[in-house]
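Breakdown of the fold
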Amino acid sequence: MIDDTELLNQIGRGDPDACRTLLERHGHYLFGVAHALVGNAADAEDLVQETLVGVLGSRFRGESSVRTWLVRILTNQAGMLRRKPWRRAGHAGLDETPSPAGPATSAGGADARLDLATMLAALSLEHRQVLVLRELEGLSYEEIAEALHLPRGTVESRLFRAREDLRKKFKGYL
């Protein structure tokens, strides 16, 4: 089995099978991160596609794991998606901040996923990124810092503020 670094080398040489293999290995994970960041499947798919395009235009230097590098590209793409003019004009997704939801009426998994999506959408992109990467994806502070090009202290403070923001916005929830 070819490791991820060799796959990236093959992609750099124009091998479409290597790109397909990289997507098979990491696509589901990247989609999950993207969906947690943007809150809807269509934008998440766009982010994953833009991430793969970003792979073609980037060079992996081996300073982190390939997965962390891919998440860095994805979060950069999410930031660029957020700044697109048509988004500022009112398109749903990253810029939309819904009003806090009340307690769930059902204990079902679908309700919990909707509640989580609503809660994440209420956060700024910066807070959502660190919270998703830490709490949902289980990345270490160092991996988050590497993925977002931030000092560890900034990651820790953003995570603290994100949690505080959630506590304030959803006070009394459950």
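The structure we're discussing is the one just above.
As the structure is a prediction and not an experimental result, all values here were calculated from the model.

This brings us to the packing of helix 7 (residues 125-136) against helix 8 (residues 141-148). A pair of packed helices is characterised by two quantities: the angle between their axes and the separation of those axes. Viewed as axis vectors pointing N to C, helix 7 and helix 8 meet at an angle of 140 degrees, and their least axial separation amounts to 10 Å. Of the possible angle classes, the one that applies to helix 7 and helix 8 is oblique. Classified by chirality, the crossing of helix 8 by helix 7 is right-handed. Across the interface between the two elements, Q129, V130, L133 and R134 of helix 7 pack against Y141, I144 and L148 of helix 8. Considered class by class, the residues forming the contact of helix 7 with helix 8 number five nonpolar, one polar and one charged.

In this structure, L8, L22 and V55 are the most contacted members of the largest nonpolar core, which totals 44 residues. Elements represented by at least two residues in this core include exactly helix 1 (4-12), helix 2 (16-38), helix 3 (41-56), helix 4 (66-82), helix 6 (109-121), helix 7, helix 8 and helix 9 (152-169). The element that contributes the greatest number of residues to this core is helix 2, accounting for nine residues. If near-sequence neighbours (up to four positions away) are discounted, L8 is found in contact with L22, V55, F60, V66 and W69.

What counts, and at which threshold
- Residues numbered from 1 in each chain as written.
- Predicted model: local features only at pLDDT ≥ 70, side-chain atom pairs only at ≥ 80, totals over all residues.
- Heavy atoms only, no water.
- Axes fitted to C-alpha atoms, helices over the stretch in contact; angles between N-to-C directions.
- Helix = DSSP H or I, 4+ residues; strand = E, 2+ residues; numbered from the N terminus.
- Parallel < 35°, antiparallel > 145°, perpendicular 65-115°, else oblique.
- Left-handed = near helix turned anticlockwise from the far one by under 90°.
- Contact = heavy atoms within 4.5 Å.
- Nonpolar A, V, L, I, M, F, W, Y, C, P; charged D, E, K, R; others polar.
- Core = buried A, V, L, I, M, F, W, Y, C linked by side-chain atoms within 4.5 Å.
- Buried < 20%, exposed > 50% of the residue type's maximum accessible area, 1.4 Å probe, protein only.

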